[in-house]
Amino acid sequence: MTSAADFHLSHFQAMVLFALLISIVFGFLSRRRTSERIKYILWSLILFLLIGVGIGWAMYPFSR
Amino acid sequence: MPDEMTTENAVSASDSSSEPAQSQPTPGQPAPSGPLQVTEAVAFAIGAAGWIVPGLGHALQKMWGRALGCFLTVGALVFLGVGMRGNLFDSEGGDAFAMLGYVADLGTGSFYFAARALQTGGSDVAHAEGDYGTRFLAAAGVLNLLAALHAYEAARGRKA
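Residues numbered from 1 in each chain as written. Chains lettered and ligands numbered in written order. Predicted model: local features only at pLDDT ≥ 70, side-chain atom pairs only at ≥ 80, totals over all residues.

Helix and strand content of chain B: seven helices and zero strands. Each helix (α) and strand (β) of chain B, taken in turn from the N terminus, gives the series α-α-α-α-α-α-α. The buried share among the 160 residues of chain B stands at 41%. Sequence-distant contacts in chain B: of pairs separated by 6 or more residues, those separated by 24 or more amount to 71%. (Helix = DSSP H or I, 4+ residues; strand = E, 2+ residues; numbered from the N terminus. Buried ≥ 20, exposed ≤ 12 C-beta atoms within 10 Å, placed from the backbone. Contact = placed C-beta atoms within 7 Å.)

As structure tokens, then:
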């Protein structure tokens, strides 16, 4: 046994989970109303994913 | 949550109404300092509580949604980071980056020690998962520090 729980996630799954959890904290801290929080969380999540995929795509030519 | 909003408004309203030290002092009279110092100490204690237990700083101010959100998300990040066998830095780091990582990991407060207890097999950063886990743990600490700072500022009546 290596730890209490072992997770095997792909790069994309790890990025989506990371972006989702960070967006949730940002949304809860920066907005008060539930509807505003949901909008902020979704907007932040989409930006995280788009920028993450964009940076990965831009780095692809240098990966080999 | 409408009920939380009203609670937060009530808290900030009561804070501002019971805060005579924040009003402008009359010229010629010394600025009152006693109540302000007490408020500062309480706000600092609330911020410290939010650091030690994620979400506690907001819970003490009856901001239940934020408290639950911080607790669950920071806890999830730590749990995932440990499960992915991320590197938990300790105080005996060899360089500045290791110390920086230690400070970031310590940002999770009591969850840092829970993570050390959970990660019985040590870290494994030779694989991408372990590297991601290290980022998850550091991000959890930095987020919790941000939440603790937010709780401190809210207790001072600056934002909520």
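The helix and strand tally for chain A stands at two helices and zero strands. In terms of overall dimensions, chain A has a C-alpha envelope of 45 × 40 × 10 Å along the principal axes. The 64 residues of chain A split such that 22% are buried.

Formed by 46 residues in total, the largest nonpolar core has its most connected members in A:Val25, B:Leu77, B:Val78, B:Phe136, B:Ala139 and B:Ala140. Of all the secondary structure elements, the ones that give two or more residues to this core are α1 (11–30) of chain A together with α2 (34–52), α3 (56–59), α4 (64–83), α6 (110–118) and α7 (128–155) of chain B. A total of 14 residues in this core trace back to one element, the largest contributor, which is α7(B). Apart from the residues lying within four places of it in its own chain, the contact partners of B:Phe136 are A:Phe18, B:Leu77, B:Leu80, B:Gly81, B:Met84 and B:Gly86. (Core = buried A, V, L, I, M, F, W, Y, C linked by C-beta atoms within 7 Å.)

This paragraph deals with the interface of chain A and chain B. Every contact between the two is made by 22 residues of chain A and, on the other side, 29 residues of chain B. Looking at the side of chain A that touches chain B element by element, the count peaks at 10 residues for α1(A). Considered class by class, the residues forming the side of chain A that touches chain B number 14 nonpolar, five polar and three charged. (Nonpolar A, V, L, I, M, F, W, Y, C, P; charged D, E, K, R; others polar.)

Here we come to α6(B). Residue and element names in this part refer to chain B. Taken together, the buried positions of α6 are Phe111, Tyr112 and Ala115. Projection of α6 onto a plane perpendicular to its axis shows the buried side chains occupying an angular sector of 110 degrees, all on one side. In α6, the exposed positions that point more than 90 degrees away from the buried face belong to Ser110, Phe113 and Ala117. Against α4, α5 (96–106) and α7 lie the buried residues of α6. (Arc of directions from axis to C-beta.)

Quick look at the environment of A:Leu9 now. Position of A:Leu9 relative to the elements: it lies in the segment before α1. Classification of A:Leu9 as partly exposed rests on a count of 18 C-beta atoms within 10 Å. Residue contacts for A:Leu9: discarding those within four places in its chain leaves A:Ala14, A:Leu17, B:Met84 and B:Glu129.

In this section: unusual backbone geometry. Residue and element names in this part refer to chain B. Positive phi values are uncommon outside glycine, yet Lys62 reaches one of about 65 degrees. Checked against the element boundaries, Lys62 lands in the loop between α3 and α4. Look at Lys62 and you get exposed, because 12 C-beta atoms sit within 10 Å. One non-glycine residue, Arg85, adopts positive backbone phi at about 60 degrees. With respect to the helices and strands, the residue Arg85 is situated in the loop between α4 and α5. A residue is classified by how many C-beta atoms lie within 10 Å of it, and Arg85, with 25 of them, is buried.

Let us look at α1(A). End to end, α1(A) covers 28 Å across 20 residues, agreeing with the expected 28 Å (1.5 Å per residue, within 8%). Residues A:Ala14, A:Phe18, A:Leu21, A:Ile22, A:Ser23, A:Ile24, A:Val25, A:Phe26, A:Gly27, A:Phe28 and A:Leu29 constitute the buried set of α1(A). Turning to α1(A), the residues buried within the fold contact α2 (34–59) of chain A together with α4 and α7 of chain B. (Expected span 1.5 Å × (residues − 1).)

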